[in-house]
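# Working through the structure, step by step
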Amino acid sequence: MHFRTLFPARSRRLAPVGAALAVVIASLPAAAVADAGDRAHHPSDRGLSAVIRYTEYGIPHIVAGDYAGLGFGTGWAQAADQVCVLADGFLTVNGERSRYFGADAAPDGSLSSATKNLSSDLFFRGVKDAGTVEALLATPAPAGPSRQLKDLMRGWAAGYNAWLRRNRVTDPACAGADWVRPVTALDVARRGWAVSVLGGQGRGVDGITAARPPAGPAAPVAPSAAGSHPASGAPSAPGPSSAAEVPDPLRTAEAARELFAAENATMGSNAVAFHGATTANGRGLLLGNPHYPWQGGRRFWQSQQTIPGELDVSGASLLGTTVVNIGFNDKVAWSHTVATGVPLNLHQLALDPADPTAYLVDGTPERMTPRTVTVAVKDGAPVARTQWWTRYGPVVTGLGASLPLPWTATTAFALNDPNAANLRASDTALGFAKSRSVQDMADALARTQGLPWVNTVAADAAGHTLFTQAQVLPRITDELARRCSTPLGRATYPAAGIAVLDGSRGDCALGSDPDAVQPGVFGPSRMPVLRDAPYVENSNDSAWLANADRPITGYERVFGTVGTPRSLRTRGGVEDVAAMAGRGALTVADLQRQQFANRAPAGDLAAADAAKACAGVLADDPEACRVIGAWDRTVNTDSRGALLFDRFWRRFTASAPPAEQWLVPFSAADPVRTPHTLNTGSPAFAKALKDAVAELRAAGIALDAPLGQHQFVVRNGARIPVSGGTEALGVWNKAEPVWNPAGGGYTEVAHGTSHVQAVGWDGGRCPVARTLLTYSQSSDPGSPHYSDQTRLFSGERWVTSRFCEKDIMRSPGLRIVVVKG
């Protein structure tokens, strides 16, 4: 049975819910079907239904007759695997973390940069009080979400709630907790909004919620909410001293560069698409390798979503989202990589000398809008704080501890985040899911313009490829930056792509592109794009070298740089995929080999030089020199010497400035092979080498121990070895593990390779796909799918995707659940 033959798409009308499910259920073996419905209907889920077929590793294949039903099945299935993580995230977006966990505890960081629950709650409660998401939901498409997406969100909430009503939570992370509660479609939308602003307002949560006018007789006091704590409510408490100066431009520029540097990010990715000219059968190939957190609310979750005749897509969703974010269907495959475009900018305000909560625009004062927010706190009185808003966005007093932006008597900074008006990312994903070619995908991007902070890499069954940096970015042209940057902005924009514009001038407004769906952002025609190159690849550097033979240029600085050094991961990735394209006759098996090649480009460049110079540094310890020299330059679990080089290399690159690390400097004419030749004469070299050897010996770790003995995760008391390596080593199969020498070395992975997909086509109706979810489907230690794919990952084994009906129905141990409202 193939759904496209049962429900022809020529009319593009959905089959009725009952008819679609009746056909599906009738085809299922009765012994395998479990009815998860009950007699008591809940008003929000009346009439909703879906069929969930579970195949190996707990991967659900969800079938429904319409979008609300599909959302219902998806919400149910996500709750079954991840109820505690999801419930925790809904507390976040409702501003209730302090109520249950205390004001000073730290959130998990999945939905913002807040360092404490209180600042997280003040921010998200402020969003809730302002009706921000409600206004976006009411905005007609395409600027607002489509009816299909609203139905998905409504159904998802109903499915999540239905699972809660009918099941007992067994995950010890939240079993019996009173904060695990039903949700609404609005909660689902708020979570999606939080993901969209991760790169903008989400970066500035502490600085937004802490912003207070400077002390002084002219500083007004916002009214405090009744019942607020007299000390911590403090809208009237003194702010920064009026004597504070505007930040030093050079120091701020360096801090901004560090803030947005890929090597410091907690998310990244690799992706490559190969054109049919390079493949064995003339069809495209796609390898996606996102590097996301292994714990918390930014985990991926696998599924297949099907509405017969309308939609049939498989892949991975970020928890709490209603759609497949990265995936494939029978004609196209795509992945995303975190982009270099900066999705925020600052406006430097010239304040009214008589009132630090008023700012001048073309000489006319405008009052800031105070928003007093009250948050409930565990074991204490409510806390009330005031946030200050301008025509540009909220006043912010810093982007993290290293980038202060003081509010003085004369100056303040407002943060502009265009993604705060963007609830369209899931509509972009829906457009991808229904695409039949990469051209359809490009059309969906142009129509929805919803991706906030990622690039797209795609291939199709006809052999075409696509790279595009189609982000929602503030419309900062280089001309605008030259004309309107403040002295601070003249340093931060070239260094980091963060524009600081003169907020006192009306002619410094961002303006609009005619093809943009919202004001103040770039339209599709301004985006970096590359079509039908033999390969397109991205490893979180700018668009410039998506293909080294066809560099992309001509885009504005806010998108990223041109002609600048690439990371070792980009350099190694380009070397690998260019060589693959040159060899040709590629298949999905070649993608699988690339994923686990585990080559460490830093080792290829530096290990031999390090081994030669080692004798002069460690004359009394020849074993260390022998181990580095004998290392095979890979980070497989059986690689000996990888751990020693890793610990040395981290120290060296952290202490030696980039210009001091290599003897041959970077050349824009040879960007993949430069810089090179290790500078063993740097003082940092000898110290890093000595310290790494001493560290391992102190921990009782043999210098030549196999990597997997000391790089592992523990699941239910068992060690599972993990391959891969850190950003500085340039490894495609990235792992950012947690160092705990007392526990045996690297004992957990913070972020790294997550949902991997290797996809191609062979001319039949079913894509040829292999997938791997490295941390497995469930966070519940009692689930059979808590670590099953983690063990596959350890053994470098894959899951053969079951996309077509015949393959789903042949799955050993097929389990089928019919869920009804």
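In the block above lies the structure referred to throughout.
In short, a report on the structure. Since this is a predicted model, take the numbers as computed values, not measurements. (Residues numbered from 1 in each chain as written. Predicted model: local features only at pLDDT ≥ 70, side-chain atom pairs only at ≥ 80, totals over all residues. Heavy atoms only, no water.)

What follows concerns helix α5 (residues 117–130). Between the first and last C-alpha of α5 there are 20 Å, a value that for 14 residues agrees with the 20 Å anticipated at 1.5 Å per step. In terms of residue burial, α5 counts as a mostly covered element, since 11 of its 14 residues are buried. Within α5 the residues assigned to the buried category are N117, L118, S119, S120, D121, L122, F123, F124, R125, G126 and V127. Following α5 by one or two positions, G131 has its phi on the positive side, about 70°. (Helix = DSSP H or I, 4+ residues; strand = E, 2+ residues; numbered from the N terminus. Expected span 1.5 Å × (residues − 1). Buried < 20%, exposed > 50% of the residue type's maximum accessible area, 1.4 Å probe, protein only.)

Now for the state of the cysteines. Counting across every chain of the model gives 4 disulfides. One disulfide bridge connects C84 with C174, the sulfur atoms lying 1.9 Å from each other. Taking the sign of the S-S torsion, about -80° here, the bridge from C84 to C174 comes out left-handed. Of this pair, C84 sits in helix α3 (residues 67–93) while C174 sits in the loop between α7 (147–166) and α8 (185–196), and the two are 90 residues apart along the sequence. The residue that forms a disulfide with C484 is C508, at a sulfur-sulfur distance of 2.1 Å. As the torsion about the S-S bond is roughly -85°, the C484-C508 disulfide counts as left-handed. Of this pair, C484 sits in helix α13 (residues 478–484) while C508 sits in the loop between β19 (500–502) and β20 (529–531), and the two are 24 residues apart along the sequence. What makes C508 buried here is its relative accessible area of 2%. Once the disulfide-bonded cysteines of the protein chain are ranked by sequence position, their pairing pattern turns out to be 1-2, 3-4, 5-6, 7-8. (Disulfide = S-S within 2.5 Å.)

Let's shift gears to the packing of aromatic side chains. Tallying each qualifying case throughout the model produces 27 aromatic pairs. Ring geometry for W649 against W662: centres 5.9 Å apart, planes inclined by 55°, an arrangement best described as tilted. Of this pair, W649 sits in helix α19 (residues 642–655) while W662 sits in strand β22 (residues 662–664), and the two are 13 residues apart along the sequence. Residues W649 and W662 agree in their burial class; the two are buried. Within the aromatic cluster, the residues linked to one another by ring pairs are W631, F645, F648, W649, F652, W662 and F685. (Phe/Tyr/Trp six-rings, centres within 6.5 Å; stacked < 30°, edge-to-face > 60°.)

All right, on to helix α16 (residues 588–595) then. Within α16, 6 of the 8 residues are buried, which leaves the element mostly enclosed by the surrounding structure. Residues of α16 that are buried sit in contact with β4 (268–274), β5 (285–293), α15 (568–583), β27 (745–753), β28 (755–760) and β29 (768–773). (Contact = heavy atoms within 4.5 Å.)

Here 3 strands make up an open sheet; going across it, the order is β13-β14-β15 and the pairing antiparallel. Two strands in the sheet have a free side with no partner beyond their single neighbour: β13 (369–375) and β15 (393–394). Where β13 lies against strand β14 (residues 383–390), 7 bridges are found, and the strand directions are antiparallel. Among the inter-strand pairings, T372 is bridged to a residue of β14, identified as T386. The sheet contacts of α5 involve β13 and β14, and relative to β13 the element is tilted by about 120°. (Pairing = 2+ DSSP bridges. Axes fitted to C-alpha atoms, helices over the stretch in contact; angles between N-to-C directions.)

Turning our eyes to something else, we now look at the environment of R569. Examined against the element boundaries, R569 turns out to sit in helix α15. Among the residues examined, R569 registers a relative accessible area of 1% and is labelled buried. In this structure the C-alpha to C-alpha distance between R569 and C766, which are 197 residues apart in sequence, comes to 33 Å. The contacts of R569, once residues within four sequence positions are left out, are S269, N270, H291, S539, N540, E727, G730, V731 and K734. Within polar-contact distance, the side chain of R569 engages the backbone oxygen of S269 at 3.0 Å. Of note is the side chain of R569, whose polar atom sits 2.7 Å from the side chain of N540. (Polar contact = N/O pair within 3.5 Å; in protein donor to acceptor, adjacent residues only side chain to side chain.)

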